[in-house]
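Each chain is listed here by its residues.
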Amino acid sequence: MDAASLVNQQAPRIPFLAQLTARRWGSMRTYSRRGFIGLTGAGIAGIASRSWLRVAAAAEAIDPDLVIFNAKVYTVDSRMPKAEAFAVRDSRFVAVGSSEEIRKLAGKRTRTLDAGQRTILPGFIDCHNHATGHVLLYEVLVGNPFEVEFVTIAGVVDKLRKKASETPPGTWVEGYFFDDTKVKDKRQLNASDLDGVSMDHPVAVHHRGGHTSFYNHKALEMAGITRSSPNPPGGTFDRDAKGDLNGRVTDRALDVFDKVGARKTYTAAEQSQRSREALAHISKQFVRYGLTSVHHEGGDLFALQQIRARGDLKHRVSFETSGSALEAMIANGIESGFGDEWIRLGATSEHTADGSFSERTMALSVPYPGIQPAYHGNLTESQDDLNAWTERVHRAGIQLNCHANGDVAIDRVLTAYERAQRLFPAKDPRPKITHCTLINADLLRRIKALGAVPAPFTSYAYYNSDKFHFYGQELMQRCMAFRSFLDAGIPVAAGSDFSPGPFSPLMGIQGMVTRTGWNGETWGANQRVTVDEAIRINTLNGAYASHEEAIKGSISAGKLADYVVLAEDPHTVDPAKIKDIKIARTVTGGDTVYEA
């Protein structure tokens, strides 16, 4: 399906494998003829929206579970972009239309709700999220995961010093969610600062971007890193003006620290319990911000199933795999799409081709402005290795997903994707390019021709505007290029990249609409999109990215009843205040999973 076909949505057809999978998960339903007509009316060829409503109503009334009326419903369905009401039955939308029409469908068992003219949108979809529930729940947070907040170096040290006082010598003391441009001291954290935490513990502060960390001298010593240590391929041990190690380490150079120092261990039972509680915790956070579907970058699949069974999974998961889980899929002939509407095996987790945008290590065709000697960022894998991995995964019927920020890395990923598709043609593979940050006209042409789906950063335009000066206005006009993607007919999706970026969809929408950051600076204004376009990117296009546009992403009859109720309308509020709109209610499958 190309981008234009997104508007011609049909009611979901359930293939045999999906039925088999749904039975395995214990969620397969059977519908009466009456229920079937109500569920599939929107997909009957040649029947317009008002006509199918009459068909459903004629089927002796569909007797919905819920009718919501007197709302401002933005459906993200081009056949009826705006509505006043909808009906839900058995976790799906069964009718959408005017308040007068939909209220007539209510039966004796139907619950009705007057929305009081509140705005209702489809549930938001995040196509790239590391779902770091463990970190949020169990680790020392030295930065704010969700909002712009400045910290002091002394405050970071104090938090970690407390942790060190409770930790045996030689065991790692680590801090998370650090952001180097959200520091009141207006200088870089360094190894000497972290020596103030402890000289007996290896100490690390991890940048929320995930590609750089800061270490004390004890950690550097334990890892055998000295002033004369060479930089490994795809990474750096950074130095100060005198050539001494300053404690900052990037990308592939981080690997050496995994082999030194002790870390607290847990029994299998303890680890399982921690995983369950961490996932339950982050699921609550997702729905608090209006997310009803999230593409998880790996994690504990068994724990996900367990919290679903006990009723603590509030959002739907496209589970993206790597490592042993990916190998198991390949070995056992399991393709992307296996699962059901709650937990589904999706693409691979991001296969990294270069460094970070926020940490200034992504691979550029031009040098980073103002850095001497000239620095082009880090490529983290050779073209040959990338080609081999891509071909193997593609041949196994697994949707590809690579992390590529810089234009050089995007070129390499497209080369690998094009080669794999040429060697083993597949129908509508929709390979994902996570981040896909810096583009040009030729890359746009190739992405469109291949049918690839980019998922650029969403909240960065607001949250990380203080980093854009590292690139300059000229490059920023081609970064996070939502306007360019849409104009090229590419169904660009939304990827928060949490933890590197906050996952609030409304923060993302504000940044995409205004391109103005928390500091009042506007960068790449040529890439602005409209509110409606931003909503589509965060809903229907997200469903398209995981081949699920037939069952989610819009408020359409036959689709899953995933939606969010907002206290204000993002179309009418001050665009600079969209991120502050309150989520009044989040609903997944017709069930309220969050209410303010």
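The rules behind each value
Residues numbered from 1 in each chain as written. Predicted model: local features only at pLDDT ≥ 70, side-chain atom pairs only at ≥ 80, totals over all residues. Heavy atoms only, no water. Helix = DSSP H or I, 4+ residues; strand = E, 2+ residues; numbered from the N terminus. Buried < 20%, exposed > 50% of the residue type's maximum accessible area, 1.4 Å probe, protein only. Polar contact = N/O pair within 3.5 Å; in protein donor to acceptor, adjacent residues only side chain to side chain. Contact = heavy atoms within 4.5 Å. Pairing = 2+ DSSP bridges. Axes fitted to C-alpha atoms, helices over the stretch in contact; angles between N-to-C directions. Parallel < 35°, antiparallel > 145°, perpendicular 65-115°, else oblique. Nonpolar A, V, L, I, M, F, W, Y, C, P; charged D, E, K, R; others polar. Left-handed = near helix turned anticlockwise from the far one by under 90°. Phe/Tyr/Trp six-rings, centres within 6.5 Å; stacked < 30°, edge-to-face > 60°. Lys NZ or Arg CZ within 6 Å of the ring centre and 35° of its normal. Salt bridge = Lys/Arg side-chain N within 4 Å of Asp/Glu carboxyl O. Core = buried A, V, L, I, M, F, W, Y, C linked by side-chain atoms within 4.5 Å. Arc of directions from axis to C-beta. pLDDT = per-residue confidence, 0-100.

1. Some words on the side chain of K432
Relative to the assigned elements, K432 resides in strand 20 (residues 432-435). Assessed through its relative accessible area of 1%, K432 is described here as buried. There is a polar contact of 3.0 Å between the side chain of K432 and the side chain of H295. Contact partners of K432, with chain neighbours within four places excluded, come to C127, H295, E320, A347, Q399, L400, N401, C402, Y417, V453 and A545.

2. A short note on the sheet that holds strand 2 (residues 72-74)
Spatially, six strands are ordered 3-2-7-22-23-24 in an open sheet, and the strand pairing comes out mixed. One side of each edge strand has no neighbouring strand; the edge strands of this open sheet are strand 3 (82-83) and strand 24 (591-595). Relative to strand 22 (residues 563-566), strand 7 (residues 119-122) is paired through four bridges, and the arrangement is antiparallel. By the bridge assignment, T119 is partnered in strand 22 with L566.

3. Here's the deal with the packing of helix 11 (residues 323-332) against helix 12 (residues 383-395)
Helix 12 packs onto helix 11 with a crossing angle of 50° between their chain directions and a minimal axis gap of 10 Å. Taken as axis vectors, helix 11 and helix 12 run oblique relative to one another. Contact residues: helix 11 offers L326, E327 and I330, while helix 12 offers W389, R392 and V393. For the contact of helix 11 with helix 12, a count of residues per class yields four nonpolar, no polar and two charged.

4. Points about the packing of helix 9 (residues 268-288) against helix 10 (residues 301-309)
As a packed pair, helix 9 and helix 10 sit with axes 9 Å apart at the nearest point and diverge in direction by 65°. Judged by the twist between their axes, the crossing of helix 9 over helix 10 is right-handed. Side by side, helix 9 and helix 10 meet where S275, R276, L279 and A280 of the first sit next to A303, L304, Q306 and I307 of the second. Grouping the constituent residues of the contact of helix 9 with helix 10 by class yields five nonpolar, two polar and one charged.

5. Thoughts on the packing of aromatic side chains
Counted under the stated rule, the structure contains 23 aromatic pairs. Taken together, the aromatic side chains of F357, Y368, Y375, F457, Y460, F468, Y471 and W523 make up a single cluster linked through ring pairs. Lying across the ring of Y266, R274 places its NZ or CZ 4.0 Å from the centre. Cation over ring: R430 sits above Y544, and NZ or CZ is 3.8 Å from the ring centre.

6. Overview of the pattern of salt bridges
When the charged atoms of two side chains lie near each other, side chains of opposite charge can form a pair. Going through the model one piece at a time under the given rule, you end up with 36 salt bridges. Here R187 and D193 are joined by a salt bridge, their closest N and O atoms 2.9 Å apart. According to the relative accessible area criterion, D193 is buried, its value standing at 15%. R419 is the salt-bridge partner of E391, the closest N and O atoms lying 2.9 Å from each other. One end of the pair, E391, is in helix 12; the other, R419, is in helix 13 (residues 407-423), with 28 residues separating them in the sequence. Note on R419: relative accessible area 26%, which makes it partly exposed.

7. Comments concerning the nonpolar core
For soluble globular proteins, the rule of thumb is that nonpolar side chains tend to be buried together. In this structure, F357, I433, M480 and F485 are the most contacted members of the largest nonpolar core, which totals 87 residues. Apart from the residues within four sequence positions on either side, I433 is in contact with C402, A404, V413, L414, Y417, I447, A452, V453, P454 and A455. A71, V73, Y563 and A584 belong to the second-largest nonpolar core, a separate cluster that totals 18 residues.

8. Describing helix 14 (residues 441-450)
Those residues of helix 14 lying buried are L443, L444, R446, I447 and L450. Seen end-on, helix 14 carries its buried residues on one side only, within an arc spanning 165°. Facing away from the buried side of helix 14 by more than 90 degrees, the exposed set consists of A441, R445 and A449. Taken from the residues just after helix 14, G451 is the one with a positive phi, measuring 80°.

9. Some words on the side chain of D466
Structurally, the position occupied by D466 is in the loop between helix 15 (460-463) and helix 16 (473-476). Classification of D466 as buried rests on a relative accessible area of 9%. At 3.1 Å, the side chain of D466 and the side chain of T181 are in polar contact. Of note is the side chain of D466, whose polar atom sits 3.4 Å from the side chain of W518. Not counting residues up to four positions away in its chain, the partners in contact with D466 are T181, K182, W518 and N519.

10. Some points on unusual backbone geometry
Residues Q372 and P373 are joined by a peptide bond in cis, for which omega reads -5°. As for its position among the elements, P373 is in the loop between strand 18 (351-352) and helix 12. A positive phi angle, near 50°, is found at D90, a position not held by glycine. Along the chain, the position of D90 falls in the loop between strand 4 (85-89) and strand 5 (92-97).

11. A few points about the environment of K284
The residue K284 is located in helix 9 in this model. Spatially, the C-alpha atoms of K284 and K314 are 6.7 Å apart, while their sequence positions differ by 30 residues.

12. Describing the sheet that holds strand 16 (residues 316-321)
Overall, parallel pairing links the four strands, which are arranged 8-15-16-17 in an open sheet. Only two strands of the sheet have a single neighbouring strand rather than two, namely strand 8 (124-129) and strand 17 (343-348). Across the sheet, the mean angle from the axis of one strand to that of its neighbour is 20°, orientation sign disregarded. Packing of helix 9 onto the sheet brings it into contact with strand 8 and strand 15 (291-297), and relative to strand 15 it is tilted by some 135°.

13. Looking at the confidence of the model for the protein chain
Residues with a pLDDT of 70 or more make up 90% of the protein chain, whose mean pLDDT is 91. The element-level mean pLDDT for the protein chain is lowest in helix 1 (residues 16-24), coming to 29, with strand 7 highest at 99. Throughout residues 1-60 the model reports pLDDT below 50, and contacts reaching past four residues in sequence, or to other chains, amount to 96 contacts.

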